[in-house]
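Okay, here's what each chain looks like letter by letter:
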Amino acid sequence: MNKEVIGKLRRILPSAAVVEDETELLVYECDGLPLFKNRPDLVVFPRTTEQVAQVVRLANEYRIPFLPRGAGTGLSGGALAVEGGIVIELQRMNRILSIDIENRIAVVQPGVVNLHISQAAAPYGLYYAPDPSSQMSCSIGGNVAENSGGPHCLKYGMTTNHILAIEMVTARGEIIRLGNPAGEPIGLDLVGVIVGSEGTFGIVTEITVRLLPKPQAVKTLLAAFHSVEECSQTVSDVIAAGIVPSALEFVDAKTIEAVEASVYKAGYPLDAVAALLIEVDGFREGLEETSNAIVEICRRNRAYDVRVAKDDEERAKLWLGRKGAFGAMGRLAPDMITMDAVIPRTRLPEVLVAIDRMSERYGLGVANVFHAGDGNLHPLILFDSRYQDQVEKIFGMSEEIMKLCVDVGGSLSGEHGIGYEKKDFMDLVFTEADLNTMMRVKQVFNPDGLLNPAKIFPSRRGCTEIGKHTTTSTAEIGKKVEAILLGSPQKVQH
Amino acid sequence: MQMEAIIKEQAQRPPLYLDCIHCGLCLSSCPTYRVLGSEMDSPRGRIYLMRAFDEGRAKITDSFVEHMFRCLDCRACETACPSGVHFGHMMEEMRGTIVEERPAPWIARIVLKHVFPYPWRFHLASRMLQLYRASGIQSFVRSSGLLHRLAPRMARAEALMPDIEFERGVTLDTHYRAEGRKQGTVAFFTGCVMNSMMGPINRASVRLLTAAGFDVMVPGEQICCGALANHAGLRDTAKGMARTNIAAFPVQKLDAIIINAAGCGAMLKEYPLLMEGAAEFSSKVKDITEFLASTRIFERLKNPLDQRVGYDDPCHLIHGQGIKSEPRKLLKAIPGIQFVEIEGADQCCGSAGIYNITQNELSMEILDRKMEKIQKAEIDVLATGNPGCIFQFRYGAKKFGMKLEVVHPVELLARSLGDSNEHH
Ligand SMILES: Cc1cc2nc3c(=O)[nH]c(=O)nc-3n(C[C@H](O)[C@H](O)[C@H](O)COP(=O)(O)OP(=O)(O)OC[C@H]3O[C@@H](n4cnc5c(N)ncnc54)[C@H](O)[C@@H]3O)c2cc1C
Ligand code: SF4
Ligand code: SF4
């Protein structure tokens, strides 16, 4: 990297906040998806919005690609420095700036850990609802970028439903504020555009989130089944009965094996072929009946063991087990990739059977643990990256799984984003016109393509390319933005 | 599983770093990552570097060494990791390799290699320390700022020096008889730091053990457990110390080997990872709180203690040995005590062996965060079961101008025994 640039960066930031050492850069060559690696040229650690803006302006001046990074738990390669350049690491901007109890909002910096918001709000009986399984580590900035979900998003909605306002450094280094902390947005709701833009529309430097009062009562159930069909049927029946569970999670036998061997041992039944973790919450009154109704549905579908957690401790354990599930896969194989796709709930059994066959054909183990309530599938494919043939198989198998999900009427991502991993699959679900529209929106926010390049869109279309050929007026783009707001094409929710 | 079996398995098994699946769930449990927010100062990043080194993609450069030694070896990451990564063991091996290739930081090297393994040298060193304090030179040096200008690290290390209880109880007798009906026989591991700097703690420990009905023997040939050397990567030195210790204890005749320093306890329990033939010895090792909680000591806690008392988990107790409830259970059994749970009690205080000397700035930042939480808890007494942590908290209390007594849990328990003339 250009010495002049490093010198200038060191004028913006303390010397130790600019990392250029090769060994240190090595750990930034990948995020939560180590299948793809590329070493950035520099990593910087700003503490203020102004510093972020200055770094961005400098990168613009020298035409250096740059990208934001949170905790690096992303699973689609969003924080991968595809073209090298500068990684802007936001983990030192990790302060909770204020909690407004009356209005139930919190203002936080992007590096704050998701779970820490709920912990800080707990004394006031409040919490931050979206709860990705990585919540003990992932940053709220990363959540905003990926529009992350979690088990409880079935009832409470994804990240986008909980973000009221943001401060953002644009791709050219201006500092802007979007949204309205007090409630309904005025003018265009651009916050909704930024949430889920995967770090390609700007760098979010401050976030106003909605807090919810903790539900008065919660009931958590664990139901064990001898077959996937019975388990899936239960999911459909619960929803058909008009019950709105706050969470409805599926775990299979392999997952149970890994979790039960780990520090997050939760007492999942080791002999089950599949199990459901079901939670309902709300007012104390009536909850018992709802819970009984669920037990009844499970039994009718031949669940051989249905347990209702008797206290908070048991509840917490059941959830820790679920949340540790991805990580526990290290017990079964040295490497894993977490697939993320959405399918219509009714197609669950056949898709799982097909994946099982694929697993046999490729000779790679697969575990399944996912948000069954909204059909958000997460096949975890196990492999060993030291063997090149296995790595190649991974690419083949993941592509087959994606195609399968799309074929049954599903989509590419439920919550982990497209990032680098799935950009070439976008053609499977979007038409040329769809993609062009999205790219024009990107053009507005990221006109030079320097911010987090080579993400989301199929490789053959460079973003700058489209800039050369289009003469779309700003008014037209505004309309497209609005069109996009009406439906969020990247994140299909059921 | 037998430790020996684990070792055999390890000889054939693939590298330990393969257990890490790069999920990042450990990140926020790591004290250095919480402060620095840099991947190379996180468990995941350190493992990544170890793997890169093994695969020939990284070399042992200055920065590599720095990030490995910046690790507190607190093992909070092991408690958080769903994949069951053996982080502590990997780190010790990595440091071993580093030390083979490059000398350890000089302070650590000299002290660990030339002082800690030899009880008499250590005693000598602490006697000199005591003299130094008594002579008043200390206050002169402190106020003149001489040390601050010459060697800031040494100056800070100097402030960490404990109030030495050298005269009282440096040497224990070799045998103590059980009070009342005898329940069994245990041996007491004195630990070098405890023995020379924390006499009253050792005496309180022995009193409690005899009060609980155990004969206590204190083998004279025992030496430092070797933990500090091992954490610093001096594996051969540590192995030699382990061998001497194992030979010093008549394991078959004992119900347990009791240790009151968490760091040493974790080390003694893990001798089998270091060498063969240590399994029987290690299986008998018990932390004093772990052991007492299973005895009839509860009936003996009679004297009331009317104070607000907090407890802080030493990393090598909670993460290293999985001991969390026993010390709390014991403390809560003291009549009249108001036990306060401190927020983040399971997080490292930043002392970790001699870390507060070798990585002072970071250690202080970690400590500051910790002291803020302790201040919030509004306690009179803080109990914690590891000498390094006790020093660190005493220093922290001084730095923050707090009126806080920092003790080992056994000291409070011994006070509650009554008829004691041991006070602080
Ligand atoms: C074990 C495990 C479990 C997971 N469980 C879930 C789950 O249940 N639900 C779910 O949705 N996801 C889950 N994930 C995926 C991941 O945790 C989320 O995508 C999370 O939001 C990423 O946050 P991060 O801080 O790690 O971001 P990073 O990985 O660092 O970055 C992710 C993306 O966000 C961008 N970005 C980061 N910070 C900012 C910012 N301040 N402004 C703009 N862009 C930014 C980056 O450029 C990148 O494109 C899981 C991951 C793991 C490893
Ligand atoms: S939690 Fe365990 S598996 Fe996950 S990154 Fe940390 S050490 Fe690796
Ligand atoms: S042992 Fe402690 S300091 Fe070292 S990596 Fe693990 S959590 Fe961090």
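Values in this document were obtained by computation on a predicted structure and should not be read as measured data.

**Details of the overall build of chain B**
Point 1. Looking only at helices and strands, chain B has 25 helices and 9 strands in total.
Point 2. When burial is assessed residue by residue, chain B has 63% of its 424 residues classed as buried.
Point 3. Excluding contacts between residues fewer than 6 apart, the proportion of contacts in chain B whose partners are at least 24 apart in sequence is 77%.
Point 4. As displayed, chain B has an accessible area near 16,800 Å², and 53% of this comes from carbon and sulfur atoms.

**Considering the sheet that holds strand S8 (residues 163-169) of chain A**
Residue and element names in this part refer to chain A.
Point 1. As summarised here, the arrangement of the 5 strands in space is S5-S6-S10-S8-S9, forming an open sheet in which the pairing is antiparallel. Both edges of this open sheet fall to strand S5 (96-100) and strand S9 (175-179), since each of them pairs with a single strand only. In this sheet, adjacent strand axes meet at a mean angle of 15 degrees when their direction is disregarded.
Point 2. The pairing of S8 with S9 spans 5 bridges and is antiparallel. Among the inter-strand pairings, Glu167 is bridged to a residue of S9, identified as Arg177.
Point 3. Most of the contacts of helix H3 (residues 49-61) go to S8, to which it runs at about 50 degrees, and overall it touches S8, S9 and strand S10 (203-210).
Point 4. Helix H4 (residues 114-121) contacts S5, strand S6 (105-108) and S10 of the sheet and is inclined by roughly 45 degrees relative to S5.

**Some points on the site of ligand 1**
Point 1. In the vicinity of ligand 1 there are 35 residues, among which Pro68(A), Gly70(A), Thr73(A), Ser134(A) and Ser139(A) approach most closely.
Point 2. Of the chains in the model, those with residues near ligand 1 are chains A and B.
Point 3. Here an oxygen atom of ligand 1 sits 2.7 Å away from a polar atom, N or O, in the main chain of Gly74(A).
Point 4. Measuring from an oxygen atom of ligand 1, one finds a side-chain N or O atom of Asn452(A) at 3.4 Å.
Point 5. For ligand 1, whose unbound accessible area comes to 980 Å², protein coverage reaches 99%.
Point 6. Elements represented by at least two residues in the shell around ligand 1 include exactly strand S3 (66-69), helix H5 (140-146) and S10 of chain A.

**Focus: the interface of chain B and chain A**
Accessible area lost upon the coming together of the parts is a frequently used measure of interface size.
Point 1. The interface of chain B with chain A comprises 40 residues on the first partner and 45 residues on the second.
Point 2. For the pair chain B and chain A, the summed buried area comes to about 3,000 Å², and 55% of that belongs to carbon and sulfur atoms.
Point 3. Applying the counting rule to chain B against chain A returns 2 salt bridges.
Point 4. When residues of the side of chain B that touches chain A are traced back to their parent elements, those giving at least two are helix H2 (31-36), helix H3 (43-54), helix H4 (62-70) and helix H5 (76-80) of chain B.
Point 5. Among the elements that take part in the side of chain B that touches chain A, H3(B) stands out by supplying 6 residues, more than any other.
Point 6. A class-by-class count of the residues in the side of chain B that touches chain A yields 20 nonpolar, 12 polar and 8 charged.

**A word on the confidence of the model for chain A**
All names here are of chain A.
Point 1. In this model, chain A carries an average pLDDT of 91, and 93% of its residues clear a pLDDT of 70 or more.
Point 2. This model gives residues 461-482 a pLDDT under 50, and the stretch forms 26 contacts once residues within four places in sequence are excluded.
Point 3. This model gives residues 484-494 a pLDDT under 50, and the stretch forms 24 contacts once residues within four places in sequence are excluded.

**Notes on the packing of helix H8 (residues 228-240) of chain A against helix H10 (residues 287-300) of chain A**
Residue and element names in this part refer to chain A.
Point 1. Relative to each other, H8 and H10 sit at 145 degrees, their axes nearing to 9 Å. In this structure, H8 crosses over H10, and the sense of that crossing is right-handed. Here Thr234, Asp237 and Val238 of H8 come into contact with H10, specifically with Ile294, Ile297 and Cys298.
Point 2. Tallied by class, residues from the contact of H8 with H10 come to 4 nonpolar, 1 polar and 1 charged.

**Some points on the confidence of the model for chain B**
Residue and element names in this part refer to chain B.
Point 1. Across chain B, the average pLDDT comes to 81, with 75% of residues at or above 70.
Point 2. Scored below 50 in pLDDT, residues 161-170 shows 36 contacts in the model against residues more than four places distant or in partner chains.
Point 3. On the interface metric, ipTM, the complex scores 0.91, and its pTM is 0.84.

**Notes on the side chain of Glu29(A)**
Point 1. Summarising the element assignment, Glu29(A) is placed in the loop between helix H2 (22-26) and strand S2 (42-44).
Point 2. Here Glu29(A) falls in the buried class, since its relative accessible area comes to 5%.
Point 3. At a separation of 2.7 Å, a polar atom in the side chain of Glu29(A) contacts the side chain of Arg57(B).
Point 4. Among all residues touching Glu29(A), those that are not within four sequence positions of it are Phe36(A), Lys37(A), Asn38(A), Arg39(A), Pro40(A), Leu80(A), Tyr48(B) and Arg57(B).

**Some points on the domain arrangement of chain A**
Residue and element names in this part refer to chain A.
Point 1. Per the domain assignment, the segments of chain A are domain 1 (3-89), domain 2 (96-213), domain 3 (217-327), domain 4 (333-407) and domain 5 (433-486).
Point 2. Here the C-alpha centroids of domain 1 and domain 4 sit 32 Å apart.
Point 3. The interface of domain 1 with domain 4 comprises 4 residues on the first partner and 6 residues on the second.
Point 4. Counting the surface lost from both domain 1 and domain 4, the interface buries some 390 Å², and carbon and sulfur atoms represent 86% of this.
Point 5. In this structure, the connection of domain 1 to domain 4 is made through 0 salt bridges.
Point 6. The interface formed by domain 1 and domain 4 includes 0 residue pairs in polar contact (both at pLDDT 80 or more).
Point 7. Its residues assigned to classes, the side of domain 1 that touches domain 4 comprises 4 nonpolar, no polar and no charged.

Reading guide: rules and limits
Residues numbered from 1 in each chain as written. Chains lettered and ligands numbered in written order. Predicted model: local features only at pLDDT ≥ 70, side-chain atom pairs only at ≥ 80, totals over all residues. Heavy atoms only, no water. Helix = DSSP H or I, 4+ residues; strand = E, 2+ residues; numbered from the N terminus. Buried < 20%, exposed > 50% of the residue type's maximum accessible area, 1.4 Å probe, protein only. Contact = heavy atoms within 4.5 Å. Areas by Shrake-Rupley, 256 points an atom, 1.4 Å probe, with all protein chains shown as cover. Pairing = 2+ DSSP bridges. Axes fitted to C-alpha atoms, helices over the stretch in contact; angles between N-to-C directions. Near = heavy atom within 4 Å. Polar contact = N/O pair within 3.5 Å; in protein donor to acceptor, adjacent residues only side chain to side chain. Buried area = accessible area lost by both parts, 1.4 Å probe. Salt bridge = Lys/Arg side-chain N within 4 Å of Asp/Glu carboxyl O. Nonpolar A, V, L, I, M, F, W, Y, C, P; charged D, E, K, R; others polar. pLDDT = per-residue confidence, 0-100. Left-handed = near helix turned anticlockwise from the far one by under 90°. Domains from an automatic or database assignment.

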